[in-house]
Each structure stands twice: as C-alpha cells, then as structure tokens.
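Residue-level structural notes
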Amino acid sequence: QKEVEQDPGPLSVPEGAIVSLNCTYSNSAFQYFMWYRQYSRKGPELLMYTYSSGNKEDGRFTAQVDKSSKYISLFIRDSQPSDSATYLCAIIPHSGGSNYKLTFGKGTLLTVNP
Amino acid sequence: EAGVAQSPRYKIIEKRQSVAFWCNPISGHATLYWYQQILGQGPKLLIQFQNNGVVDDSQLPKDRFSAERLKGVDSTLKIQPAKLEDSAVYLCASSIPRDRGRNIQYFGAGTRLSVL
C-alpha cells in the first residue's frame, strides 16, 4: 500500500461547479497536510496547509482532514477556468529534527470548462 | 522576493550522456531540495540539504546521480550516465526550517529532461 493515494483523474467540470479532490494515507504518524497546485510547465505552489482534523477555509477553497479515517479533501467552490491545474496532496510526518520530508500524492488533473 | 531559480528549463540528451542542473534558492532559505517528477506522478524527493550538509539522500540513485551545495546557497544536480527512465522534470525547492513541521517549500519551475 502506498503511503499516499490520490485519484489522478482527470476531472472535468463546468464553470461554477463545486469540486472535491481527495487523498487517503496509510501512516497515522502523518500530522501535517498540504495541498499544492501545479499549473502546466510550472512548479507546485502551496495552496492550503493544516495540521489538525476539521475544516480550514480560504476564500473559495476548503481543506478538510479526517485523521480517524486517514482521509483529506480539498473543496473548490464556484470553480473558475483559472483553477484548471493539477492538484497535489502532500503530507509530512510529525517528527523532530530538520527532516520534514514531504510525501506527495500522484496529483489530480482538473479542467474547469467555461 | 525573488523565487527559486532553475536552469536550464529544458534539456534533451542521448542516453549515456551526462547532464547538470542548477538551482538558486530563495535568499535566506537554509534548506534546499531536489525532486524528480515523472509524467503523471507526484514529485519524489531525491536529496535534501541543510545549508551545505546532506540531510536525506535515501532515494538518490547514487551510482549515477550526484548533488552538491558547496557554499550553502546554490546547488547543482548531475546525472552521469543518463538512462531513458531519467526523463522527468527535476524540481528544486527551498524552505526556512521551522518548528512543528511548518515546512513551507517553495518550488522552482523545474528543468524538463528528455533522454533519447
């Protein structure tokens, strides 16, 4: 079983739709959860960051973490064509020292059609 | 604030040739990472530096890959000799090490390598 599983899609939605992107993870030691957005031919950029169970909202984006189920989600409300990108979940274990190694999912390719 | 700079953006080589990539992190970022991202996959960490010391190189294929960060600032990643399966985007990232895992990594645009 891979440490982080993410449905690669692709996912195609009409403009204005609510988008749900999901990841599952296997290691309960994972404590910090991130969502990165990667536009074509660009590097990933951090979108959301959380370390606790529950919801965190930032504008049209909501990150949700359920540690009991080892399940994380990213919701995009009122999706726009500019949201078209690959969305990567990334997880860090809780540990001391300076090695905060990110483990990424495969990424989900999202297309929002005008 | 300038971002992470990488060069070249694209490189095409034949198998068994050598290639080098360069990265200049964000000023003041002590931690530097090299990732390999194969098409359709998430980035995979190859090596992590803290200043000019290696923190983690457990996934670096050391028989053909090498990396250095001599003065604790910019870094080079080398492949010698290249194989077909090395075709990927090589991403450099940097961060300021923080407590409690608040490790926000900032990525460069990457170098897209094609091995023919």
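Worth saying up front: this structure is predicted, and the values here are computed from it rather than measured.

Let us look at the sheet that holds strand β3 (residues 19-24) of chain B. All names here are of chain B. Strand order in the open sheet formed by 4 strands is β1-β3-β8-β7, with antiparallel pairing between adjacent strands. Each of the sheet's edge strands pairs with one partner strand only, and the pair in question is β1 (5-7) and β7 (65-68). For this sheet, the mean angle separating the axes of adjacent strands, direction not counted, is 15°. The pairing of β7 with strand β8 (residues 75-79) spans 4 bridges and is classified as antiparallel. Among the inter-strand pairings, Ser66 is bridged to a residue of β8, identified as Lys78.

All names here are of chain A. What the 5 strands build is an open sheet, ordered β1-β3-β8-β7-β6; its pairing is antiparallel. Pairing within the sheet leaves two strands with one partner each, and these edge strands are β1 (4-6) and β6 (54-58). Averaged over all neighbouring strand pairs, the angle between strand axes comes to 20°, with direction disregarded. Where β1 meets strand β3 (residues 19-25), 3 bridges bridge the pair, whose relative direction is antiparallel. Paired with Val4 across the two strands is Tyr25, which belongs to β3.

With that out of the way, let us pick up the pairing of β6(A). Strand direction decides the pairing type here: β6(A) and strand β7 (residues 61-66) of chain A, joined by 5 bridges, are antiparallel. Note that in β7(A) the partner of A:Asp58 across the bridge is A:Phe61.

When its volume is computed, the largest pocket comes out at roughly 570 Å³. Lining the largest pocket are 29 residues, and of these A:Gln38, B:Gln37, B:Leu39, B:Gly40 and B:Arg112 sit closest to its centre. Listed by contribution, the elements that provide at least two residues to the lining of the largest pocket are β9 (85-93) and β11 (108-113) of chain A together with β9 (88-95) and β11 (111-115) of chain B. Per-element tally for the lining of the largest pocket: the top contributor is β11(B), with 5 residues. Broken down by class, the residue content of the lining of the largest pocket amounts to 12 nonpolar, 12 polar and 5 charged. One number sums up the size of the second largest pocket: a volume of about 390 Å³. Residue lining of the second largest pocket: 17 residues in total, with A:Thr103, A:Phe104, B:Gly42, B:Pro43 and B:Lys44 positioned closest to the centre. Secondary-structure elements contributing two or more residues to the lining of the second largest pocket are β10 (103-104) of chain A together with β5 (44-50) of chain B. For the lining of the second largest pocket, the residue count by class is 6 nonpolar, 6 polar and 5 charged.

Reading guide: rules and limits
Residues numbered from 1 in each chain as written. Chains lettered and ligands numbered in written order. Predicted model: local features only at pLDDT ≥ 70, side-chain atom pairs only at ≥ 80, totals over all residues. Heavy atoms only, no water. Pairing = 2+ DSSP bridges. Helix = DSSP H or I, 4+ residues; strand = E, 2+ residues; numbered from the N terminus. Axes fitted to C-alpha atoms, helices over the stretch in contact; angles between N-to-C directions. 1 Å grid on protein atoms, 1.4 Å probe; cavity = no way out; pocket = protein on both sides within 12 Å on 5 of 7 lines; lining within 4 Å. Points joined across faces, edges and corners; volume = space filled by probe spheres on them. Nonpolar A, V, L, I, M, F, W, Y, C, P; charged D, E, K, R; others polar.

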